[in-house]
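# Coordinates in review
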Amino acid sequence: MVFRKEFQMSGFLFVFLFWVLVFSSNGIGGLSAVGKNIDDNGFKSTLKTCNFPAVFNFGDSNSDTGGHSAAFYPIGTPNGETFFGKPSGRACDGRLIVDFMAEELGLAYLRAYLDSLALSSFKNGANFATGGSPIRKDKGYSPFHLDVQIAQFRQFKARTIDIVNSTQQEKVKADLPKPEDFSKALYTLDIGQNDLQFGLSTPEGARAIIPEILDLFSTAVQQLYGEGARVFWVHNTGPIGCLPSNNKYYYGKEPLDKNGCVISLNDIAQEFNRQLKSKLAQLKANLTGAAFTYVDAYTAKYNLINSAKDQGLVDPLDFCCCPGKVVVNGTVYSGPCANPLTHISWDGIHYSEAANQWVAKFILNGSMSDPSVPISQACYA
């Protein structure tokens, strides 16, 4: 297989690269569920809830709630149409998994750290994820790689503590986390997809850089630990071979599975996930008192794709929204579809709100996690 570094900019590929450059690469109702049997509360456990006062998130467009829009240029319509009724800084028609996470924990939606004009406060945490971000420096579609996000967090923490300790203005204090909240908070990470997609020439080359990527990831986690972080919730990377954008490009060039997913791309994602899980085990062994939950978002997403027909959804390779108008294999894509609720893919790269909601139900209840604890009890992982 060949990952071409230079593409012919025509039709779908032009739109595909545009979106890549702009952005990247769960009680919750929603679509019916497949997977492990769970009770009405989502998960059977005798553990007490952790009552996280805040969440600090790091990642790419899969969890960006406004960072890219604030730093560069706004993500426009029809994004946000399903839930927010207007663009909300998310590459989606509505909520992301991180939004359902906040709902599950009883917290406000995370405000993007870079969004100085947002109406919401940082009391319940902050979101450092930015569309297009990689783990490695200069190896993604955004300058806000993971090390920059960690630096932003350290500055945010230092300035928050300084402001809270020096001001007498209660309104100011009410909009910021308490100094003690940083050690009690949940730290979530969903990043790595852009490292696997960006500038790679062969599958062998992709596999060769995984250890380097995860060494940098490990360093970032250790830096957070040094800042007092103790509870980590880490998503693995999804089935990138199932993104409609990748299917459209590699169709006829690479073997596909029964769902039309590019097998070689999914193999790379699964190898990354295997090594990520091993790296988290090492971190847990070396960082005293830290709790790590490895979240198998890959399986949850693939299960949805595999069961699309049973769920009453359209072909999982059919995306809902396209900026402008393109023709792909005789099919015209222009603007948003009539019913995003029937689509898994929103724009060929990012998931729809309906898909995010479905996936979130499984990964937040612990049925896709190691250890198997729901997010509300992740401090016992």
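Above: the structure in question.
Before going into details, it helps to say that this report is about the structure given with it. This one's a predicted model, so the numbers in the text were calculated from it and none came from an experiment. (Residues numbered from 1 in each chain as written. Predicted model: local features only at pLDDT ≥ 70, side-chain atom pairs only at ≥ 80, totals over all residues. Heavy atoms only, no water.)

Close contact between helix α11 (residues 297–306) and helix α12 (residues 353–364) brings their axes to 9 Å; oriented N to C, the two are set at 130 degrees. It follows that α11 is oblique to α12 by the angle criterion. Crossing handedness for the pair α11 and α12: right-handed. For the pair α11 and α12, contact is made by A297, A300, K301, N303 and L304 and by A355, W358, V359 and I363, respectively. Its residues assigned to classes, the contact of α11 with α12 shows 7 nonpolar, 1 polar and 1 charged. (Axes fitted to C-alpha atoms, helices over the stretch in contact; angles between N-to-C directions. Helix = DSSP H or I, 4+ residues; strand = E, 2+ residues; numbered from the N terminus. Parallel < 35°, antiparallel > 145°, perpendicular 65-115°, else oblique. Left-handed = near helix turned anticlockwise from the far one by under 90°. Contact = heavy atoms within 4.5 Å. Nonpolar A, V, L, I, M, F, W, Y, C, P; charged D, E, K, R; others polar.)

Counted under the stated rule, the structure contains 24 aromatic pairs. Centre to centre, the rings of Y187 and F232 are 6.1 Å apart; their planes meet at 40 degrees, and the pair counts as tilted. With Y187 in strand β3 (residues 186–190) and F232 in strand β4 (residues 231–235), this residue pair connects regions lying 45 residues apart in the sequence. These aromatic residues form a ring-pair network of at least three members: F56, F58, Y113, F122, F128, F153, F156, F182, Y187, F232 and F292. The ring centre of Y225 lies 3.7 Å from the NZ or CZ of R230, which sits over that ring. When the ring centre of Y249 is taken as reference, the NZ or CZ atom of K253 above it lies at 3.8 Å. (Phe/Tyr/Trp six-rings, centres within 6.5 Å; stacked < 30°, edge-to-face > 60°. Lys NZ or Arg CZ within 6 Å of the ring centre and 35° of its normal.)

Attention now moves to the pairing of strand β1 (residues 55–59). Consecutive side chains along a regular strand alternate between the two faces of the sheet. Most of β1 is tucked away, with 5 of its 5 residues classed as buried. Where burial is concerned, the two faces of β1 agree: the one with V55, N57 and G59 and the one with F56 and F58 are both buried. Two elements, β1 and β3, share 5 bridges in a ladder whose sense is parallel. Considered in β3, the bridge of N57 is made with T188. (Buried < 20%, exposed > 50% of the residue type's maximum accessible area, 1.4 Å probe, protein only. Pairing = 2+ DSSP bridges.)

With that settled, the discussion passes to the state of the cysteines. Per the stated rule, a full pass over the model turns up 3 disulfides. For C50, the disulfide goes to C379, at an S-S distance of 1.9 Å. Its S-S torsion of approximately -90 degrees makes the covalent link between C50 and C379 left-handed. On the criterion of sequence distance, the pair formed by C50 in the loop between α1 (11–22) and β1 and C379 in the segment after β8 (369–370) is long-range, its members being 329 residues apart. Relative accessible area serves as the criterion here: at 17%, C50 is assigned to the buried category. Disulfide partner of C320: C337, at an S-S distance of 2.0 Å. In this structure, the disulfide formed by C320 and C337 twists by about -90 degrees around the S-S bond and is classed as left-handed. A residue pair is termed long-range when its members are at least 10 positions apart, and C320 in the loop between α11 and β6 (322–328) and C337 in the loop between β7 (331–335) and α12 qualify at 17 residues. When sorted by exposure, C320 lands in the same class as C337, which is buried. (Disulfide = S-S within 2.5 Å.)

This part is about the sheet that holds β3. Ordered in space as β2-β1-β3-β4-β5-β8, the 6 strands form an open sheet in which the pairing is mixed. Only two strands of the sheet have a single partner each, and these edge strands are β2 (125–127) and β8. Along the sheet, helix α3 (residues 97–105) makes contact with β1, β3 and β4, crossing β4 at roughly 145 degrees.

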